[in-house]
Amino acid sequence: MFEEELKVFLENELETLKAGRFLGMSCQQPLIVLLSGQLGAGKTTLTRGIVEGLGGVIDDVSSPTFTLIHEYQARLSVYHLDTYRLKTSAEFFELGVDELLESEAVVLIEWPELVSEYLPADRLEIEIVHQPENTRELTAKATGPTSCPVLERWQELLGAP
């Protein structure tokens, strides 16, 4: 069974951007990434770094809370979704996400708790938790043959044990 885990502490927003950039650089093929954490934890900041690491324009990235889906052009297409305002998982699929999940893209999903059971098993699950002194603890778990090599490359770039 495939499963890898990574835990790192991020001292500030710049470190969160850098961690995201390294993750984007680690993506070589389509990938599903779930981003969990309370409001203000750094999910969108991490996403900005991921898009930059994939060769996209960081200034294009914003929270998809009201639009629900943003698309960014990069080395791989990037779709950034937010399920925070959805009431049911059916609303998620009404957005046409089944096509996105099967596309040749990196799909980033903030607030995935409502829909995670309907998503592919092979994915990268990231949780960001506030720590004292405004630092963050990032825990990532890869769960399949596509996500595990990405997590391993990301861990190397981060210099994490």
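Residues numbered from 1 in each chain as written. Predicted model: local features only at pLDDT ≥ 70, side-chain atom pairs only at ≥ 80, totals over all residues. Heavy atoms only, no water.

Named according to an unreviewed UniProt entry, the protein is tRNA threonylcarbamoyladenosine biosynthesis protein TsaE originating from Planctopirus limnophila. Listed in UniProt under the heading Sequence similarities (unreviewed entry), the comment for the protein reads: "Belongs to the TsaE family." Recorded in UniProt under Subcellular location (unreviewed entry), the annotation for the protein is "Cytoplasm". (UniProt positions renumbered as here; feature names shortened; annotations may be inferred.)

### Some details on the overall build of the protein
Each helix and strand counted, the protein has 5 helices and 7 strands in total. In the protein, the order of α-helices and β-strands from amino to carboxyl end is β-α-β-α-β-β-α-α-β-β-β-α. Computed over the C-alpha atoms, the radius of gyration of the protein is 14 Å, within 12% of the 15 Å expected from 2.2 N^0.38 for a compact globule of 161 residues. With respect to the principal axes defined by its C-alpha atoms, the protein has extents near 40 × 35 × 30 Å. The proportion of buried residues among the 161 residues of the protein is 51%. (Helix = DSSP H or I, 4+ residues; strand = E, 2+ residues; numbered from the N terminus. Rg over C-alpha atoms; globule rule 2.2 N^0.38 Å. Buried < 20%, exposed > 50% of the residue type's maximum accessible area, 1.4 Å probe, protein only.)

### Notes on the packing of aromatic side chains
Two descriptors summarise a pair of aromatic rings, namely the distance from one centre to the other and the angle between the planes of the rings. Under the counting rule described, the total for this entry stands at 1 aromatic pair. Ring centres 4.7 Å apart and planes at 50° place the aromatic pair Tyr-84 and Trp-111 in the tilted group. Here Tyr-84 is found in the loop between strand E4 (77-82) and helix H3 (89-94), whereas its partner Trp-111 is found in the loop between strand E5 (105-110) and strand E6 (124-130), with 27 residues between them in sequence. Take Trp-111: its relative accessible area is 19%, and that puts it in the buried class. (Phe/Tyr/Trp six-rings, centres within 6.5 Å; stacked < 30°, edge-to-face > 60°.)

### Focus: the pairing of strand E3 (residues 69-72)
Of the two faces of E3, the one lined by His-70 and Tyr-72 is fully buried and the one lined by Ile-69 and Glu-71 carries no buried residue. Adjacent in sequence and paired antiparallel, E3 and E4 are bridged by 4 residues. (Pairing = 2+ DSSP bridges.)

### A look at the layout of surface pockets
One number sums up the size of the largest pocket: a volume of about 170 Å³. Lining the largest pocket are 12 residues; nearest its centre among them are Val-8, Phe-9, Leu-10, Glu-15 and Leu-158. Contributions of two or more residues to the lining of the largest pocket are made by strand E1 (4-10) and helix H1 (13-26). Partitioned by chemical class, the residues of the lining of the largest pocket number 8 nonpolar, 1 polar and 3 charged. (1 Å grid on protein atoms, 1.4 Å probe; cavity = no way out; pocket = protein on both sides within 12 Å on 5 of 7 lines; lining within 4 Å. Points joined across faces, edges and corners; volume = space filled by probe spheres on them. Nonpolar A, V, L, I, M, F, W, Y, C, P; charged D, E, K, R; others polar.)

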